[in-house]
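In case you want the letters, here they are:
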Amino acid sequence: METKIPQKFVAVVLAAGHGTRMKSHRPKVLHEVLGLPMTAHVLKAAQDAGCSRAILILGADADDTFSTLSSAVESFPVEQATQNPPRGTGDAVRCALEKLGDEDVAVILNGDIPCIQSDDVKRVMDAWEANTLVVGTTRLSDPSGYGRIIRGIDGSPTDIREDRDCRPEEKSIVDVNLGIYAVDAALLARELPRLESNNSQGEYYLTDLVKLCRSSQANTRAVTYESCEDLMGVNDRIHLAHAEKRLRMRVLHKLMTEGVTLLDPERALVESSVQIGKDTVLEADVTIRGASTIGEGCRIGQSSVLMNATLGDGVQILPHCVLEQCTLESDVKAGPFARLRPGTILRKGSAVGNFVEMKKTDFGPGSKAGHLSYLGDATIGRGVNVGAGTITCNYDGTHKHPTVLEDGVFVGSDTQFVAPVHVGEKGYIGAGTTVTQDVPAGALAVSRVRQENKEGWVARRSAGSNASKPENKRDR
């Protein structure tokens, strides 16, 4: 058996279509599926399959689209080729020729198949041999709308007939084209200039490459996919929703096999970039996005949202919390209805309760803020108690200012810290105080208005009020 010569596989991703059925001002390829533009999923699959780089075929004025897609895949070189005007799939691939080397093998993929997996891409790569066009095919009970695979006596493809161009007898063929190919760059360079546009659309069909290869004695081979649900294109919002659900359930099934409990998988959304440790429990309606990392033995309460959050082991998030770009060390408890904004760190064993908001705050080990407080631009030491209704007044209208509470500080309810301000170790802030200057260690700070009790005031007020009312006489 002839040994294959190692080749550089290059993904050629077709993404220049307008996507008019999406009814959108945005390019179709930028519509997100599970947090990523749909074509970014295709690029990732190609990368994981072993492609060395990608060429992204886009339409005119698509620099922003290219920037968005290329930045979504790390450590994977992506180049842009422009198709202007759009004249069919064959013309699109022709636009990539100048970026392909003679020894490259093009792996041609549509940019609107976000559910494709690396194994799907690798199948056509593994089937490729020199001077061969590999075509991905499947069988559909209803092939309407798909190009039909015409096969020769030996079973290899001899032509692909687009649905609109099929003869009546060809309409019944259930063997269809998936739009996935692997082919020598040298073969493309030789055959693509021979494409013609004598079809109902007046376009250059890449599918015509099959009969051109046969006419020039190049080989053709079909790779048949038994299941093609992952390879279906997204053409409208309904397809988009189906793709979202398919990818979402794929991620959730993987998490469950790795030891994560989901109380209601149909009502959870976890992006593929998220990492979750075993014995963690996700309650219903939880959403976890971005580069979030959750440790072992955690519990994420119902309707909580985490975005780029890092949680240690044993963290308990009660229902209806929002965490964004924050870090919670092990054994932290938060919520319900807590909001932890970017730059916040909750140290080991600390706790924040209902309706507590923090921004860019380092909250020390074992410290507690039970309810109804805002702490921004603050550094809070170990074992600090923050009473209800505490606010750091950190913004003067122009600049942000810090608040520092050292270890063991006790803050009474309804306290305002007018930053910048510093409270020393074991300082004590009386309830209702507005702190406008530093508090020494061990000192009590109180700034209440002196209370005055007026004896008998309620009775006198009541008597005076009744005397001022006019007599109510019945009409005669």
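Residues numbered from 1 in each chain as written. Predicted model: local features only at pLDDT ≥ 70, side-chain atom pairs only at ≥ 80, totals over all residues. Heavy atoms only, no water.

Caption draft 1: Seen up close, the overall build of the protein chain. Scanning the protein chain from terminus to terminus reveals 8 helices and 39 strands. Compactness check: the protein chain gives a C-alpha radius of gyration of 33 Å against a globular reference of 23 Å for 476 residues, more than 25% above the reference. On the principal axes, the C-alpha backbone points of the protein chain span a range of 110 × 75 × 45 Å. Evaluated residue by residue, the protein chain yields a buried proportion of 47% over its 476 residues. Here the analysis covers contacts within the protein chain between residues at least 6 apart in sequence; of these, 42% occur between residues at least 24 apart. Accessible surface, the protein chain as shown: approximately 23,700 Å² in total, 49% of it carbon and sulfur. Each charge class in the protein chain can be summarised by its mean position, and for the 55 positive and 62 negative side chains these summaries are 7 Å apart. (Helix = DSSP H or I, 4+ residues; strand = E, 2+ residues; numbered from the N terminus. Rg over C-alpha atoms; globule rule 2.2 N^0.38 Å. Buried < 20%, exposed > 50% of the residue type's maximum accessible area, 1.4 Å probe, protein only. Contact = heavy atoms within 4.5 Å. Areas by Shrake-Rupley, 256 points an atom, 1.4 Å probe, with all protein chains shown as cover. Lys, Arg positive; Asp, Glu negative; His and termini not counted. Charge placed at Lys NZ, Arg CZ, Asp CG, Glu CD.)

Caption draft 2: Spatial organisation of the pattern of salt bridges. Per the counting criterion, the structure on display carries 31 salt bridges. Here Arg 161 makes a salt bridge to Glu 170, at a shortest N to O gap of 2.5 Å. Of the residues examined, Arg 161 reaches a relative accessible area of 15% and is grouped as buried. A residue is classified by how much of its surface remains accessible, and Glu 170, at 6% relative accessible area, is buried. A salt bridge links Asp 230 to Arg 246, with the shortest nitrogen-to-oxygen separation between them at 2.5 Å. Of the two residues, Asp 230 is situated in the loop between β11 (219-224) and α7 (237-257) and Arg 246 in helix α7; the sequence distance between them amounts to 16 residues. One continuous salt-bridge network, built from bridges that share partners, spans Asp 159, Arg 161, Arg 167 and Glu 170. (Salt bridge = Lys/Arg side-chain N within 4 Å of Asp/Glu carboxyl O.)

Caption draft 3: The arrangement of the sheet that holds strand β17 (residues 293-294) in detail. On the basis of which strands lie adjacent, the open sheet formed by 9 strands has the order β14-β17-β20-β23-β26-β28-β30-β33-β36 and parallel pairing. Both edges of this open sheet fall to β14 (275-276) and β36 (421-423), since each of them pairs with a single strand only. Pairing of strand β26 (residues 345-346) with strand β28 (residues 362-363), which is carried by 2 bridges, proceeds in the parallel orientation. Within β28, the residue paired with Ile 345 across the bridge is Asp 362. (Pairing = 2+ DSSP bridges.)

Caption draft 4: The arrangement of the nonpolar core in detail. Core analysis: the biggest nonpolar cluster contains 60 residues, and Leu 311, Leu 323, Leu 328 and Val 352 have the highest contact counts within it. Broken down by secondary-structure element, the contributors of at least two residues to this core are α7, β13 (269-270), β27 (351-359), β29 (368-376), β30 (378-380) and β36. Looking at this core element by element, the count peaks at 7 residues for α7. Aside from chain neighbours lying at most four places away, what touches Val 352 is Lys 333, Ala 334, Gly 335, Ala 338, Leu 340, Leu 346, Met 358, Phe 363 and Ala 369. Grouped together as the second largest cluster of nonpolar side chains are 41 residues, Ala 54, Leu 109, Met 125 and Ile 180 included. (Core = buried A, V, L, I, M, F, W, Y, C linked by side-chain atoms within 4.5 Å.)

Caption draft 5: Geometry of the state of the cysteines. This model, assessed by the stated rule, comprises 0 disulfides. Just so you know, Cys 51 is unpaired, no disulfide at all, and the nearest cysteine sulfur is the one on Cys 115, 19 Å from it. (Disulfide = S-S within 2.5 Å.)

Caption draft 6: Region of interest: the side chain of Arg 53. Secondary-structure assignment places Arg 53 in strand β4 (residues 53-58). Among the polar contacts made by the side chain of Arg 53, one reaches the side chain of Glu 79 at a distance of 2.5 Å. In this structure Arg 53 touches Phe 9, Val 10, Ala 11, Phe 76, Pro 77, Glu 79, Lys 99, Leu 100, Gly 101 and Asp 104, once residues within four positions along its chain are discounted. (Polar contact = N/O pair within 3.5 Å; in protein donor to acceptor, adjacent residues only side chain to side chain.)

Caption draft 7: Layout of the packing of aromatic side chains. Under the defined criterion, the tally for this structure stands at 3 aromatic pairs. Consider the rings of Phe 337 and Phe 355, whose centres lie 5.0 Å apart with planes at 10°: the pair is stacked. Within this pair, whereas Phe 337 is found in the loop between β24 (333-334) and β25 (339-340), its partner Phe 355 is found in strand β27, the two being separated by 18 residues in sequence. The class of Phe 355 is partly exposed, set by a relative accessible area of 47%. Ring geometry for Phe 410 against Tyr 428: centres 4.6 Å apart, planes inclined by 20°, an arrangement best described as stacked. With Phe 410 in strand β34 (residues 410-411) and Tyr 428 in strand β37 (residues 428-429), this residue pair connects regions lying 18 residues apart in the sequence. Among the residues examined, Tyr 428 registers a relative accessible area of 41% and is labelled partly exposed. In this structure, Arg 94 packs its charged tip against the face of Tyr 204, placed 4.8 Å from the ring centre. Looking at Lys 400, its charged tip hangs above the ring of Tyr 395, at a distance of 5.5 Å from the centre. (Phe/Tyr/Trp six-rings, centres within 6.5 Å; stacked < 30°, edge-to-face > 60°. Lys NZ or Arg CZ within 6 Å of the ring centre and 35° of its normal.)

Caption draft 8: A nonpolar patch on the surface, seen in detail. Together, Phe 410, Tyr 428, Leu 444 and Val 446 give the surface a local cluster of nonpolar side chains, amounting to about 380 Å² of exposed area. Structurally, the position occupied by Leu 444 is in strand β39 (residues 444-445). Judged by relative accessible area, which is 57%, Leu 444 ranks as exposed. (Patch = residues over 30% accessible without salt bridge, like charges linked within 9 Å, V, L, I, M, F, W, Y side chains within 5 Å.)

Caption draft 9: Local environment of helix α4 (residues 118-127). Within α4 the residues assigned to the buried category are Asp 120, Val 121, Val 124, Met 125 and Ala 127. Looking at the packing, one finds that the buried side of α4 touches β1 (8-14), α1 (38-49), β6 (104-110), β7 (132-139), β10 (175-184) and β11.

Caption draft 10: Local environment of the pairing of β29. Looking at chain direction, β27 and β29 are connected through 7 bridges and run parallel. Within the sheet, the bridge partner assigned to Ala 351 lies in β29 and is Lys 368. Direction of pairing for β29 relative to strand β31 (residues 385-386): parallel, over a ladder of 2 bridges. Across the sheet, residue Ala 369 finds its bridge partner in β31, namely Val 386.

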